[in-house]
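Descriptive analysis of the structure
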Amino acid sequence: MNLPYLTTLASFYKDQLLNNTLPFWFPRSIDTDHGGYLLMRDADGTLIDDDKAVWIQGRAAWLLSTLYNTVEKKEEWLQGAKAGIDFLLEHCFDTDGQMFFHVTRDGKPIRKRRYFFSETFAVIAFAAYAKATGDAAIAARARELFGICIQYASGEIQRAAKFEKTRPAKGIGIPMILMNTAQQLRETIGDDRCDPYIDHCIHEIETCFVKDDLRCVMEQVAPDGSVIDHIDGRTLNPGHAIEGAWFILHEAVRRNNNPALIQLGCRMLDYMWERGWDKEYGGIFYFRDVYHKPVQEYWQDMKFWWPHNEAIIATLLAYTVTGNEKYRQWHEQVHNYAYDHFLDREQGEWFGYLHRNGTIAQTAKGNLFKGPFHLPRQEWYCYLLLHRYAGVAV
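Now for a look at the structure at hand. (Residues numbered from 1 in each chain as written. Predicted model: local features only at pLDDT ≥ 70, side-chain atom pairs only at ≥ 80, totals over all residues. Heavy atoms only, no water.)

**Looking at the overall build of the protein chain**
Secondary structure assignment for the protein chain yields 13 helices and 14 strands. What you see for the protein chain is a C-alpha radius of gyration of 20 Å, in line with the 21 Å of a compact globule of 394 residues. By its C-alpha atoms, the protein chain is 50 × 50 × 45 Å across when sized along the principal axes. Restricting the contact set of the protein chain to residue pairs at least 6 apart, pairs at least 24 apart contribute 66%. Summed over all atoms, the accessible surface of the protein chain reaches about 16000 Å², with 49% contributed by carbon and sulfur. Positive and negative side-chain charges of the protein chain, numbering 43 and 51 respectively, have mean locations separated by a distance of 2 Å. (Helix = DSSP H or I, 4+ residues; strand = E, 2+ residues; numbered from the N terminus. Rg over C-alpha atoms; globule rule 2.2 N^0.38 Å. Contact = heavy atoms within 4.5 Å. Areas by Shrake-Rupley, 256 points an atom, 1.4 Å probe, with all protein chains shown as cover. Lys, Arg positive; Asp, Glu negative; His and termini not counted. Charge placed at Lys NZ, Arg CZ, Asp CG, Glu CD.)

**Things to note about unusual backbone geometry**
Here the amide bond leading from Phe26 into Pro27 is cis, since omega sits at 10°, within 30 degrees of zero. Unlike most non-glycine residues, Asn257 shows phi in positive territory, near 55°. Mapped onto the elements of the fold, Asn257 is located in the loop between helix 9 (238-254) and helix 10 (259-276). Here Asn257 falls in the partly exposed class, since its relative accessible area comes to 38%. Unlike most non-glycine residues, His292 shows phi in positive territory, near 65°. Mapped onto the elements of the fold, His292 is located in the loop between strand 11 (288-289) and strand 12 (303-304). (Buried < 20%, exposed > 50% of the residue type's maximum accessible area, 1.4 Å probe, protein only.)

**Remarks on the sheet that holds strand 4 (residues 102-103)**
Strand order in the open sheet made by the three strands is 3-4-5, with antiparallel pairing throughout. For this open sheet the edge positions go to strand 3 (52-53) and strand 5 (109-111), each flanked by a neighbour on one side alone. Pairing analysis gives two bridges linking strand 4 to strand 5, with the strands arranged antiparallel. In the strand pairing of strand 5, Val103 is matched with Pro109. (Pairing = 2+ DSSP bridges.)

**Section: the pattern of salt bridges**
Where charged atoms from two side chains of opposite charge approach closely, those side chains can pair. Counting across every chain of the model gives 30 salt bridges. Between Asp289 and Arg234 there is a salt bridge; the shortest N-O distance is 2.9 Å. Of this pair, Asp289 sits in strand 11 while Arg234 sits in helix 8 (residues 231-234), placing them 55 residues apart in sequence. By relative accessible area, which is 4% here, Asp289 ends up buried. Judged by relative accessible area, which is 9%, Arg234 ranks as buried. As a salt-bridge pair, Asp278 and Arg356 come within 2.8 Å of each other at their nearest N and O atoms. One end of the pair, Asp278, is in the loop between helix 10 and strand 11; the other, Arg356, is in the loop between strand 13 (353-354) and strand 14 (360-362), with 78 residues separating them in the sequence. Salt bridges sharing common partners tie together Arg186, Glu187, Asp195, Asp199, Glu251 and Arg255. (Salt bridge = Lys/Arg side-chain N within 4 Å of Asp/Glu carboxyl O.)

**Focus: the packing of helix 4 (residues 117-133) against helix 6 (residues 173-188)**
In contact at an axis separation of 9 Å, helix 4 and helix 6 are set at 10° when each is read in the N-to-C sense. The angle between helix 4 and helix 6 places the two elements in the roughly parallel class. For the pair helix 4 and helix 6, contact is made by Phe117, Thr120, Val123, Ile124, Ala127, Ala128 and Lys131 and by Gly173, Ile174, Ile177, Leu178, Thr181, Gln184, Leu185, Glu187 and Thr188, respectively. Residue classes in the contact of helix 4 with helix 6 are distributed as nine nonpolar, five polar and two charged. (Axes fitted to C-alpha atoms, helices over the stretch in contact; angles between N-to-C directions. Parallel < 35°, antiparallel > 145°, perpendicular 65-115°, else oblique. Nonpolar A, V, L, I, M, F, W, Y, C, P; charged D, E, K, R; others polar.)

**Digging into the state of the cysteines**
Going through the model one piece at a time under the given rule, you end up with zero disulfides. Unpaired in this structure, Cys92 has its nearest cysteine sulfur neighbour in Cys149, at a distance of 14 Å. (Disulfide = S-S within 2.5 Å.)

**Examining helix 5 (residues 136-154)**
The end-to-end C-alpha separation of helix 5 is 27 Å, in line with the 27 Å expected for 19 residues at 1.5 Å each. For helix 5, the full list of buried residues reads Ile138, Ala139, Ala142, Leu145, Phe146, Gly147, Cys149, Ile150 and Tyr152. Elements in contact with the buried residues of helix 5: helix 3 (75-91), helix 4, helix 6 and helix 7 (194-209). The backbone nitrogen of Ala137 lies 3.0 Å from a side-chain oxygen of the residue at the head of helix 5, namely Asp135. In the stretch just after helix 5, Gly155 is the one whose phi turns positive, near 85°. (Expected span 1.5 Å × (residues − 1). Polar contact = N/O pair within 3.5 Å; in protein donor to acceptor, adjacent residues only side chain to side chain.)

**Considering the packing of aromatic side chains**
By the definition in use, this model includes 33 aromatic pairs. A ring pair is formed by Phe12 and Tyr13, whose centres lie 5.7 Å apart and whose planes are at 70°; its orientation type is edge-to-face. Judged by centre distance (6.2 Å) and plane angle (85°), the rings of Phe146 and Tyr197 are edge-to-face. Linking Phe146 in helix 5 with Tyr197 in helix 7, this pair joins segments that are 51 residues apart in sequence. Of the two residues, Phe146 and Tyr197, both sit in the buried class. One aromatic cluster in this structure is built from Phe12, Tyr13, Trp273, Trp277, Tyr327, Trp330, Tyr337, Tyr339, Phe342 and Trp350. A cation sits over an aromatic face here: Arg59 above Phe121, 4.3 Å from the ring centre. One cation-aromatic arrangement involves Arg328 over Tyr5; the distance from NZ or CZ to the ring centre is 5.2 Å. (Phe/Tyr/Trp six-rings, centres within 6.5 Å; stacked < 30°, edge-to-face > 60°. Lys NZ or Arg CZ within 6 Å of the ring centre and 35° of its normal.)

**Comments concerning the environment of Ala139**
Relative to the helices and strands, Ala139 resides in helix 5. Its relative accessible area of 8% is what places Ala139 among the buried residues. In this structure, Ala139 is in contact with Ala130 and Ile189, ignoring residues within four places of it in sequence.

In structure tokens form, the structure reads like this:
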């Protein structure tokens, strides 16, 4: 294990998190008039829209609560988290109990989606805030909402969809996100359902989505786990699968370096690094086709910020649990690419979207899909990983 490399990284990630990434967002993003966060911002932090994406409200509240729980008990972080928690509770649930996806600044509904990711991020936000405050009512709300998410995933509770699918499919996103939701719930306030549900999610991912014969992780499959040989069914998202790989590697560490889980997580990482890394320009492609056919989406060869955050975590985690030099080299590759191309050294945070050659496609740092989550989570997780698990003192 290259300890000087890891020690340097630990200091770097902590410094980036606390002195570059967080100051871009907070405290200016806290909406002191209506609650929640104003997160749609240009490169210099200028507000470009005052609407609020509900799932990112939850993510930001989770982040501030988690920093309070794990890094330093700063009152400003706890009060910032409260702004998001209160906004979620007061404005982001419809009368049918389902959460909105998109609301106005003052919390009027704009849009709901048939997906329930707003709910999953509310679960982890409520759980982290409950741990920080000892609020039993918020803890109960987190557990209740987790149970509802499980019911959505199983089909026990149906969410409205405009059209029924005539070509049924299931996506890896649901078991992935619910696995991590259960991990976060377990690590904050606890719930007896977490371990068995994590097992369920891992089993579904391994048996339905990991294709060893094709050396890939599918983004969606038919209900029986077979490949759907149409454009949508063939489309891979390397960064998403790599995120799933580190969720499984995290679980392996939790279970005393469980060898079967390490092997599964590393296989997923290996397959999707081979599929996703751009050997000509560097960085991770957004979409690929499982059979190397053309991909429908025009942004298929762009470089988005978040797959690089997930790959930084996954490669570092794989290196620390296996000691395999390959993963250190991959980590160095993706780390260097990301911090050379996405990082705004002058104004803080990362640009979100690059052309294939690494030039900036547009300058927004916050929108309905980008906010203070993937990047600060990566810097926080890598710092704590090195500090706690790899024995690096900072």
